[in-house]
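Structural overview
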Amino acid sequence: GTTLKAAAERSGRYFGAAMGRDRLNDQGFLTIANREFDMMTAVNEMKPDATEPSRGQFSFAAGDAIYNWAVQHGMRLRGHTLAWHAQQPRFWSSLSGSALRQAMIDHINGVMAHYKGKLAYWDVVNEAFAENGSRRNSNLQATGNDWIEAAFRAARAADPSVKLCYNDYNIENWTYAKTQGVYNMIRDFKSRGVPIDCVGLQTHFTGGSSLPGNFQTTLSSFAALGVDVALTEADVTNASASQYQGLTQACMNVPRCVGITTWGIRDSDSWRGSENPLLFDRNSNPKAAYSAVLNALNAA
Ligand code: G3I
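Residues numbered from 1 in each chain as written. Predicted model: local features only at pLDDT ≥ 70, side-chain atom pairs only at ≥ 80, totals over all residues. Heavy atoms only, no water.

The name an unreviewed UniProt entry gives the protein chain is Beta-xylanase, with Paractinoplanes abujensis as the organism. As recorded by UniProt, the Sequence similarities (unreviewed entry) comment attached to the protein chain reads in full: "Belongs to the glycosyl hydrolase 10 (cellulase F) family." According to UniProt, the comment filed for the protein chain under the heading Catalytic activity (unreviewed entry) is "Endohydrolysis of (1->4)-beta-D-xylosidic linkages in xylans." (UniProt positions renumbered as here; feature names shortened; annotations may be inferred.)

What follows deals with the overall build of the protein chain. Assigned secondary structure in the protein chain consists of 10 helices and nine strands. Taking 300 residues into account, the globule formula puts the C-alpha radius of gyration at 19 Å, and the protein chain, at 18 Å, falls close to it. Each of the three principal axes of the protein chain carries a C-alpha extent, and together these read 50 × 45 × 35 Å. Classification of the 300 residues of the protein chain by burial places 59% in the buried group. Partitioning the contacts of the protein chain with sequence separation of at least 6, the portion at a separation of at least 24 is 75%. (Helix = DSSP H or I, 4+ residues; strand = E, 2+ residues; numbered from the N terminus. Rg over C-alpha atoms; globule rule 2.2 N^0.38 Å. Buried < 20%, exposed > 50% of the residue type's maximum accessible area, 1.4 Å probe, protein only. Contact = heavy atoms within 4.5 Å.)

What follows is about unusual backbone geometry. For the peptide bond that leads from His 80 to Thr 81, omega is 0°, which places it in the cis range. Following Leu 211, the chain continues into Pro 212 via a peptide bond in cis, with omega recorded as -10°. Along the chain, the position of Pro 212 falls in the loop between strand 7 (204-205) and helix 8 (213-224). Positive phi outside glycine occurs at Glu 127, with the angle close to 60°. Residue placement: Glu 127 occurs in the loop between strand 4 (121-126) and helix 6 (147-158). Phi is positive for Ser 284, close to 70°, though the residue is something other than glycine.

On to helix 10 (residues 288-298). Given 3.6 residues to a turn, an α-helix orients residues that are three or four positions apart in the same direction. Listing the buried residues of helix 10 in full gives Ala 289, Tyr 290, Ala 292, Val 293, Leu 294, Ala 296 and Leu 297. Packed against the buried residues of helix 10 are helix 1 (4-9), strand 1 (14-19), helix 2 (27-36) and helix 9 (241-252).

A word on the site of the ligand. Lining the immediate surroundings of the ligand are 13 residues, of which Lys 47, His 80, Glu 127, Glu 233 and Trp 263 lie closest. Residue composition of the shell around the ligand, by class: four nonpolar, six polar and three charged. (Near = heavy atom within 4 Å. Nonpolar A, V, L, I, M, F, W, Y, C, P; charged D, E, K, R; others polar.)

With that settled, consider the state of the cysteines. Applying the stated rule across the entire model yields two disulfides. Between the sulfur atoms of Cys 251 and its disulfide partner Cys 257 the distance amounts to 2.1 Å. Looking down the S-S bond of the Cys 251 and Cys 257 bridge, the torsion is -100°, so its handedness is left-handed. As far as the burial class goes, Cys 251 and Cys 257 line up, both buried. Numbered in order of appearance, the disulfide-bonded cysteines of the protein chain are paired 1-2, 3-4. (Disulfide = S-S within 2.5 Å.)

Written out as structure tokens, the structure is:
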């Protein structure tokens, strides 16, 4: 394949990017997106604060704008995200206990009803673990330790057609406590029949000493539990070509690694912009890391 998506599709995978609604007016971005990518994630527009700014008042215009553009250009979409400690609707901050739990369930039902049958994946729960491997303290965690499984059960009932993912960062290193904490939760969910289909590893890399072996062990270990895995928000300090090669190789070596998404396209799109962490530079030119990824995708 001569593009990221064509190379990924050779092995039945996708290659994705994240975009904000503002990029719909950015021809440079759209040209590369349309040429190279076949999966899209909204950077902020499908998050709880965006989709339900006040109770029961849903707002889908921004998310729909991204959805419509992506579908018109032959892409699938990852929904991001339904329940998270950050970017919550303001009204959630005045709720707690069973009232907050119900607001979360109502939110999942309202958003998933709107996108029913339209998305490939949903990040049902995002970033619920602390670095030490225990649950992160949050208002949602305070509603009871079963809040995550309650979210997944509601999500499955709301739209049985979409794959339901748990998504987090710093879970790439197999020997890291947070990785083990998430792994143990997924294992528990699978053993008890809690509906979950996939784990998203955000893959915001600052160093890559464990690539590809240790990372591949993480991916294959999750996959062995019976879930798909995906690299959902990849970016790498200074776009190290060897690190991009390594993370791509790790995914390619794991049959249940279904695809890779980068968090933006050009360095100017990135939340880590000063680190120039993406595959395209500010002039829309592919960087060395682009060739490294393309070659690793084509090697399969
Ligand atoms: O929209 C307002 C704008 O009106 C205002 O003028 C401006 C001033 O600061 O802020 C704008 O909102 C910002 C928004 O991005 C849109 O650009 C928020 O302040 C800013 O906090 C928000 O950051 C987003 C961040 O999530 C928030 O947690 C990033 O764009 C987004 O890339 C980032 O994405 C997260 C994933 O969801 C989860 N994993 C980590 C990843 C990177 O942090």
